[in-house]
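Structural description and commentary
Listed below, chain by chain, are the residues.
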Amino acid sequence: MWTVIYIAPTAKVADMIQSRLTEEGFMVKCRPINMSKQQFEILVPSGELEEVQEVLNLILHP
């Protein structure tokens, strides 16, 4: 089951987060949620949620 861990405000931010998490070895999906606002959900398998949250915090807050 996939869980949303972040709502990216732009496609560029979504791509950056997806790339960084993939480099760390996580499975990641990205999907648009509102084309008029260009927001994107970043999803990961629910079993990896805690690990991904730690890495995501490092990506967003270096």
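Our structure is the block above this text.
Residues numbered from 1 in each chain as written. Predicted model: local features only at pLDDT ≥ 70, side-chain atom pairs only at ≥ 80, totals over all residues. Heavy atoms only, no water.

**Considerations on the sheet that holds strand β2 (residues 29-34)**
If you trace the 3 strands from one edge of the open sheet to the other, you get β1-β3-β2, paired in antiparallel fashion. If you trace the sheet from one side to the other, it starts and ends with β1 (2-8) and β2, each paired once. Looking at each pair of strands side by side, their axes are set apart by 35° on average, direction ignored. Sitting on the sheet, helix α2 (residues 49-60) is in contact with β1 and β3 (39-45), with an inclination near 10° to β1. (Pairing = 2+ DSSP bridges. Helix = DSSP H or I, 4+ residues; strand = E, 2+ residues; numbered from the N terminus. Axes fitted to C-alpha atoms, helices over the stretch in contact; angles between N-to-C directions. Contact = heavy atoms within 4.5 Å.)

**Some points on the packing of helix α1 (residues 11-23) against α2**
Packed helices, taken two at a time, are described by the angle their axes make and the gap between the axes. The N-to-C vectors of α1 and α2 enclose an angle of 125°; their axes lie 11 Å apart at closest approach. Classified by the angle between their axes, α1 and α2 sit oblique to one another. As for the relative orientation of α1 and α2, their crossing is right-handed in sense. Only Val52, Val55, Leu56, Ile59 and Leu60 of α2 make contact with α1, whose side of the interface consists of Met16, Ile17, Arg20 and Leu21. Looking at the contact of α1 with α2 residue by residue, the classes come out as 8 nonpolar, no polar and 1 charged. (Parallel < 35°, antiparallel > 145°, perpendicular 65-115°, else oblique. Left-handed = near helix turned anticlockwise from the far one by under 90°. Nonpolar A, V, L, I, M, F, W, Y, C, P; charged D, E, K, R; others polar.)

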